[in-house]
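Next come the chains, spelled out residue by residue.
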Amino acid sequence: MDTTLVINADGSGSRAITATVEADDLEKVKGGAGAIDTAITENLPDGMTYGGQKAGSDGAAIYSFAIEFDSQKDYEDKVIGILGAGGVTDIETEIEIVVADSVFREGVSVNENFTSQDLLQWLVEAMVKSGIVDDDDKDDLTEIGKTVVEVDGVGHDTPAKIEYSDIADYGIRDLNVTTEGVGTGSYVRTISYDLSRETYARDTGAYDEFFKKATPKGGTLTEPDETSTVWTIEFSAKDEKQLIEYTNTALNSESTDFAVSSETDGDDPTMFHTSVIDFVDCGQICNEDAEVSSNLVLPKGWQGDNGGSAGEDGWSMPISHDPVVFDHRVQFESVLAAASVAPSGENTLTIDYVLSVENADLVGSAMQDFLEPASTVADLSVDAGKDAVTYMITVAGEDAADLNTRMSEYLPGSQYSVVESDSSLFTRSYSVNMVVALPSDLLSGGVADGITYRVDLPGGASVADSSDLPKGAKVAGNVVAVSEDSPSSPEFRVDASSPNIGGIITLGVIVLIMLLLIATVVFLVIRHKKKVAAAGASSELFSYDDGQTTPGAPVTGTSSGAAAPAWPQPGTDPSSGSPTQTAVIDDSADRGSRPAADDQSRPMSDSVTERIPEADSDSPTEVLPPRPPLPPVE
C-alpha cells in the first residue's frame, strides 16, 4: 500500500491509497482480481471513494482509493468512520494538520496515529467474509509501501504513521494563561506572550496588528517595556461560553475548552467536588517547542486531587480535555460576628453566615443542620432573600459570665468577659475581652467579602487609648470592628466608659425633688401674702372728722335727714373701748379733684381719721398704704 497525502494552502486536501496485488498473490485469491473488485464495491465505507482497478506490470492488479476533505475536522470525521467499518476500535484517532502562513509561522506540519493499512482493514474483513481468502491468511494480506506528504507540489517521505513538519517558527516562545473567578461563574483571564526582540523586529507592524486584533472586546493590551519581552492581554468574561470565545480570539484558535461543574459530597453535603476542564491551544502563534502553561486562581481551601499542582500563580493545570477535581467547602459571601456589650445585664453574640442563593440551593437543608445548636445555648433563624440566604445564630446571656459559658459550649475556644473598674455617679468604666472561635472547617471554602468581628458598646460609650485591639481594627464611636480573610479568632480587649444611667437618673430625681420643694415654698409665701392683704382690707375702720367730735352727732349734709352713725371716740376701740391708733389721711387734694355735686352730696371734713386697733407691745407697727379715693355716692 502506497500513500500520498496532499495538503493545500487552505487546509483542505486528499489522501490517495494505491493497493497493488502481485500476480503470484492473485493466484491465492479465489476468483482473482475480479473477486477483489466485487468485495470493494460491495463494502466501500462512507467517506472513501474507489478509483477502480487497473492492470499493473507482470500481471499485477492495482486498486486505487481516495479520501477527500476540506478541513481537518472533515478529515477526522471520515477517518473515524472508515476505521470503524474495519473494526479498528483500539485507536483513538488523532490528527493534527497545521498550515502556517502568518507572521508567526510559515510552512506545513502533519501528525497522525494510524496508517493506510488501518484504513483498508475493512477490505480485508470483506475478503474473508466473502470467502475469497482464508481467515488464517488475513494477517498477511497487506503490507505498508511508501508514504509521502505533498506540499506545494513537492513530495516529502514520511513514516507510515505520518509525522511531517516543515515550519519556520517566528512565534511566541512561552505562553501563560491565568484564570480568576472559578467558583463565581464570571472570570478574569490574563494571557502573557513572550516574544523575542529579534523576532519582533522581523515585522513589527504585523506583530502589532496581531496583538491589536487578538485583544477581545473590553480587554486591555499591555506592551512590554524596555526591559521586558512579554505582552499581556487581560479580559473579563461573564460566563464560560464567553471565556472560550475571547480566548480563541486571543490565541487565533478554535480549540479552547473550559468547563466547571460542582456536586455535593454524598456523606457531607457542605463539602463540594468541583470539576474543571481547562484546555488552550496556541498552535497558530506559538513556536513548536513553546512552553504553554495554564493556572487557576482558586478560592482558599480548594485542593485538587487528580491532576496539576499548587504553584506561585495558582493551581497549575494540565493542558488537557480531562477534568481536574477540586474538593472544598461551600463559599460564603460574608460572615459577621458581633457582640452587644452591657456592663451589667444581658450580653448577646450574633453570627450571620451569608450564602448566595445558588450555593444555598446546592447545600440545601444541610447547612441548617450543620449550624443548628445541639442544645438551648443558642438560637438559629434563616432569612431567605432574593440574592442571598442569611443563617443567623443568636447567643444571649443573662450577663457576661452567662454569655461566656454559652459561647464556650457552642463555639469551643471562644471567650467573653466584661469587667467593671472605676465608676462614678456619671460614668461606668469597664474592660471587654472577646475571642470568637468560628468553625474553621466550615469556612475553609473561603468568604468572598471576608469575616468581620465587631464589638458594639452601649450608646454614648467611648473607647480608651489603653485598649489592646487586633491589627487593622477600626473604631467608629461606640463600635470596634476588624475584618479578616479567614477565621483567625482575633482577640479584643476594649477599655471603655459609658454614661452611668442609674446615677444620672438618681441625680435627676434629686434635682426634681428640690425644684418641687422650692416651688411649694414660693407658692405658700405668695398665698400667705394674699391672705394678709385680704384680711387687712376687710378690717379697716374709718372716722371722718368734719369738726364734730361728739359721738352720735348728726352729720350735716345728709340727703335722708337721718341721724349720722355714731363713731367711736378717737383712741378707743369701737367694741370694747380699748385704746386705738389714729391715722390721719389728708385727702384734700382728692376732694378738690372730685366734682362739686359729689362734695354737696357727701360733705366731709378736710381730713379723715381712720382708726385701727392699738398694736400690742409685742406686735410690730403696721404702716398703712395711702387710702384709695372713695367712690362717689349716688
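Whatever comes next refers back to the structure up there.
Residues numbered from 1 in each chain as written. Predicted model: local features only at pLDDT ≥ 70, side-chain atom pairs only at ≥ 80, totals over all residues. Heavy atoms only, no water.

Novice: It is not clear to me how the sheet that holds strand 5 (residues 95-101) should be interpreted in this structure. Could you clarify?
Specialist: Sheets are built from strands that pair by backbone hydrogen bonding, the pairs being arranged parallel or antiparallel. Within the open sheet, the three strands sit side by side as 5-6-9. Their pairing is antiparallel. Each end of this open sheet is capped by a strand with a single partner; those strands are strand 5 and strand 9 (163-169). Going from strand to strand, the sheet's axes swing by 15° on average, the running direction of each strand aside. Of the pairings in the sheet, the one linking strand 6 (residues 105-112) to strand 9 comprises seven bridges and is antiparallel in character. Along strand 9, the bridge assignment pairs Arg105 with Asp169. Along the sheet, helix 3 (residues 72-85) contacts strand 5 and strand 6; its crossing angle with strand 5, the most-contacted strand, is approximately 160°. (Pairing = 2+ DSSP bridges. Helix = DSSP H or I, 4+ residues; strand = E, 2+ residues; numbered from the N terminus. Axes fitted to C-alpha atoms, helices over the stretch in contact; angles between N-to-C directions. Contact = heavy atoms within 4.5 Å.)

Novice: I would appreciate a short explanation of a negative patch on the surface in the present structure.
Specialist: Where like charges cluster on the molecular surface, the negative patch consists of Glu22, Asp24, Glu27, Asp58 and Glu143. Within the secondary structure layout, Asp24 lies in helix 1 (residues 23-26). (Patch = residues over 30% accessible without salt bridge, like charges linked within 9 Å, V, L, I, M, F, W, Y side chains within 5 Å. Areas by Shrake-Rupley, 256 points an atom, 1.4 Å probe, with all protein chains shown as cover. Salt bridge = Lys/Arg side-chain N within 4 Å of Asp/Glu carboxyl O. Lys, Arg positive; Asp, Glu negative; His and termini not counted. Charge placed at Lys NZ, Arg CZ, Asp CG, Glu CD.)

Novice: When you look at the sheet that holds strand 12 (residues 220-222) in this model, what are you seeing that I'm missing?
Specialist: The seven strands lie next to each other as 12-13-11-10-16-19-18, forming an open sheet whose pairing is mixed. With partners counted over all chains shown, the strands left at the sheet margins are strand 12 and strand 18 (309-311), one partner each. Here the strands of the sheet are splayed against their neighbours by 25° on average, with no regard to which way each runs. Where strand 11 (residues 187-194) lies against strand 13 (residues 230-237), eight bridges are found, and the strand directions are antiparallel. Bridge pairing in strand 13 links Ile191 to Ile233. Relative to strand 13, helix 7 (residues 204-214) is tilted by about 15°, and along the sheet it contacts strand 10 (172-180), strand 11, strand 12 and strand 13.

Novice: Would you mind showing me how to read the side chain of Thr147 here?
Specialist: Tracing the backbone through its elements, the reader meets Thr147 in strand 7 (residues 147-151). Among residues more than four places away in sequence, those in contact with Thr147 are Thr3, His156, Asp157, Thr158, Pro159, Ala160 and Ile162.

Novice: Looking at this structure, I do not really get the pairing of strand 21 (residues 334-340). What am I missing?
Specialist: Regular strands place side chains that alternate from one sheet face to the opposite one. The pairing of strand 21 with strand 22 (residues 347-356) spans seven bridges and is antiparallel. Paired with Ser334 across the two strands is Val354, which belongs to strand 22. Linkage of strand 21 to strand 22, two consecutive antiparallel strands, is achieved through a turn of six residues, within which Gly345 is found at a positive phi near 90°. Bridging between strand 21 and strand 27 (residues 451-456) involves six bridges; their strand directions are parallel. Within strand 27, the residue paired with Ser340 across the bridge is Asp456.

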